[in-house]
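Chain residues, written in single-letter form:
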Amino acid sequence: MDKAKIDWANIGFGYIKTDKRYVSDYKNGVWDEGRLIDDDQIIMSECAGVLQYAQTCFEGLKAYTTEDGRIVTFRPDLNGERFEESCRRLEIPVFSKDRFVDAVLKVVKANEAYVPPFGYGATLYLRPYAFGISPVIGVKPADEYQFRVFATPVGHYFKGGTKGISIKVSDFDRAAPRGTGDIKAGLNYAMSLHPIVVAHNEGYAENMYLDAATRTKVEETGGANFLFITKDGTVVTPKSDTILPSITRRSLLYVAEQILGMKVEEREVYLSELGDFVECGLCGTAAVISPVARVVDHGKEIAFRYGAEEMGPVTKKLYDTLTGIQMGRLPAPEGWIYEVK
Ligand SMILES: *Cc1c(COP(=O)(O)O)cnc(C)c1O
């Protein structure tokens, strides 16, 4: 298939419309069989549940061209599982994991011309989501829903190099105990927009959110989980019920322990112990793992030994191994790679 006329080396992280998207409608108590369509516009009631009470959840994953020219996705079954959880918590009728994976693969296949060729560090980003589409004015779940998957090519995350970012300890909270921090809901992002604008205005790239109950423990940023490396090379990640369970973070921990033979710990991480770590990284689908150089807590700076100039050695090893698996350069654990072509 001929590739789209896109300057692969210079695409950024924005929306580029592609040819096909997947849609399934939920009406009269059932999801229909679904289909690929051309139309990128959605027409809905002015009173749609998603517009009034933010009844929507989403996922994010990528398709890659491997070194040997195959097109693959990475653990889409885990995105499908997490999507089921998000639907349940928001009273959206569950769109099953199996149908989710099928829809994702169909969208990749139908937009093959937009899957960036190997070598540019670019990928095809996939955005599955569901939302209440029927009118809702009294507070309750909608009666009708739509599930969609669209695709958009995105560029290399580390275009400007791998210099670590500066982040601030936020005065806002991301997620309440027993709230919705552990599901991928649009509402978690809506409330993070003001804090991120504040952080950017102050010259920080991201916010570090603390646990809302005690404000002593590290949770995550608005859209990525933390990994920390101790002096003796142990990989530590915060454990909390109000963190979004990142698939990248779970995969990196597996890679660290099972493939690289490193020690890993998932435990509560206190703000007061950050100075004991030598590397800090943010993990998520977008960047895989991106280095953090310093955390600033109300004027008090915690600088990590590595990260100011480039990725620390452990972060780099984790990054190289996981991207090696995703790009087909290294063997993948059973079931991690779904081949589209
Ligand atoms: C999506 C997301 C992540 C990263 O999850 P991945 O599955 O690794 O992409 C981390 N934190 C939040 C809040 C998220 O929404």
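See the structure above.
Procedures and definitions
Residues numbered from 1 in each chain as written. Predicted model: local features only at pLDDT ≥ 70, side-chain atom pairs only at ≥ 80, totals over all residues. Heavy atoms only, no water. Helix = DSSP H or I, 4+ residues; strand = E, 2+ residues; numbered from the N terminus. Rg over C-alpha atoms; globule rule 2.2 N^0.38 Å. Buried < 20%, exposed > 50% of the residue type's maximum accessible area, 1.4 Å probe, protein only. Contact = heavy atoms within 4.5 Å. Areas by Shrake-Rupley, 256 points an atom, 1.4 Å probe, with all protein chains shown as cover. Lys, Arg positive; Asp, Glu negative; His and termini not counted. Charge placed at Lys NZ, Arg CZ, Asp CG, Glu CD. Core = buried A, V, L, I, M, F, W, Y, C linked by side-chain atoms within 4.5 Å. Expected span 1.5 Å × (residues − 1). Pairing = 2+ DSSP bridges. Right-handed = clockwise from strand over helix to strand, strands pointing away. Near = heavy atom within 4 Å. Polar contact = N/O pair within 3.5 Å; in protein donor to acceptor, adjacent residues only side chain to side chain. Nonpolar A, V, L, I, M, F, W, Y, C, P; charged D, E, K, R; others polar. Salt bridge = Lys/Arg side-chain N within 4 Å of Asp/Glu carboxyl O. 1 Å grid on protein atoms, 1.4 Å probe; cavity = no way out; pocket = protein on both sides within 12 Å on 5 of 7 lines; lining within 4 Å. Points joined across faces, edges and corners; volume = space filled by probe spheres on them. Domains from an automatic or database assignment. Patch = residues over 30% accessible without salt bridge, like charges linked within 9 Å, V, L, I, M, F, W, Y side chains within 5 Å.

A. The overall build of the chain, seen in detail. Helices and strands together make up the secondary structure of the chain, namely seven helices and 17 strands. A compact globule built from 341 residues would reach a C-alpha radius of gyration of about 20 Å, and the chain, at 20 Å, matches this within 12%. Its C-alpha atoms put the chain at 55 × 50 × 35 Å along the principal axes. Taking all 341 residues of the chain together, the buried fraction comes to 53%. The long-range fraction of contacts in the chain, counting pairs at least 24 apart against all pairs at least 6 apart in sequence, stands at 70%. Put simply, the chain shows about 15,400 Å² of open surface, and 51% of that area lies on carbon and sulfur atoms. Both charge centroids of the chain, one from 41 positive and one from 47 negative side chains, sit 2 Å from each other.

B. The nonpolar core, seen in detail. F83, L126 and F147 are the most contacted members of the largest nonpolar core, which has 38 residues in total. Those elements that provide at least two residues to this core are β1 (21-27), β5 (61-65), α2 (76-89), α3 (97-110), β7 (123-132) and β8 (145-154). Per-element tally for this core: the top contributor is α3, with six residues. Non-local contacts of F147, meaning those with residues more than four positions away in its chain, are made with Y22, V23, S24, W31, F83, F95, F100, A103, P128, Y129 and A130. Among the nonpolar cores identified, the runner-up in size contains 25 residues, and F74, V235, Y319 and L322 belong to it.

C. Here's a closer look at α2. If you check α2, its first and last C-alpha atoms are 20 Å apart, about what 14 residues at 1.5 Å a residue would give, namely 20 Å. The buried fraction of α2 amounts to 10 of the 14 residues, a majority that puts the element mostly inside the structure. Directly after α2, the chain includes E91, whose backbone phi takes a positive value near 55°.

D. Looking closely at the pairing of strand β13 (residues 264-267). When strand β12 (residues 235-238) meets β13, the two strands line up parallel, connected through four bridges. By the bridge assignment, V236 is partnered in β13 with E265. For the crossover from β12 across helix α6 (residues 247-259) to β13, the handedness is right-handed.

E. Seen up close, the site of the ligand. Surveying the vicinity of the ligand reveals 15 residues, the closest of which are K184, Y189, S246, T248 and T285. R82 places a side-chain nitrogen or oxygen 2.8 Å from an oxygen atom of the ligand. One of the side-chain N or O atoms of K184 is found 2.6 Å from an oxygen atom in the ligand. Contact with the protein chains covers 96% of the free accessible surface of the ligand, which is 380 Å². Taken together, the residues that form the shell around the ligand break down as four nonpolar, seven polar and four charged.

F. Focus on the pattern of salt bridges. Using the criterion set out here, one finds 24 salt bridges in the structure. Here R88 makes a salt bridge to E85, at a shortest N to O gap of 2.8 Å. Placement of the pair is R88 and E85 together in helix α2, with a separation of three residues, close to one helical turn. You can call R88 partly exposed: its relative accessible area is 43%.

G. Highlighting the layout of surface pockets. Counted as a void, the second largest pocket has a volume near 340 Å³. Taken together, 24 residues form the lining of the second largest pocket, with G121, H156, Y319, T323 and M327 sitting closest to its centre. Elements with a minimum of two residues in the lining of the second largest pocket: β5 and α7 (313-326). By residue number, the principal contributor to the lining of the second largest pocket is α7, which donates four residues. Counted by class, the lining of the second largest pocket contains 13 nonpolar, eight polar and three charged residues. Lining the lining of the second largest pocket are residues from two domains, each supplying at least three of them: domain 1 (8-154) and domain 2 (165-326).

H. Expanded view of unusual backbone geometry. If you check the backbone angles, N28 has positive phi at about 50° while not being a glycine. The topology assignment puts N28 in the loop between β1 and β2 (30-31). The backbone of V288 shows a phi angle near 65°, a positive value even though the residue is not glycine. Since its relative accessible area comes to 6%, V288 is described here as buried.

I. Here's a closer look at the pairing of strand β11 (residues 225-230). A large share of β11 lies buried, amounting to six of its six residues. What you see with β11 is no split at all: N225, L227 and I229 on one side and F226, F228 and T230 on the other are buried throughout. Where β11 meets strand β14 (residues 277-284), six bridges bridge the pair, whose relative direction is antiparallel. Its bridge partner being in β14, N225 is matched across the sheet by C283. Sheet topology note: the β11/β12 ladder contains two bridges and is antiparallel.

J. Examining a nonpolar patch on the surface more closely. On the surface, a nonpolar cluster with roughly 230 Å² of combined accessible area is contributed by I42, M44 and L51. Position of L51 among the secondary structure elements: in helix α1 (residues 49-53).

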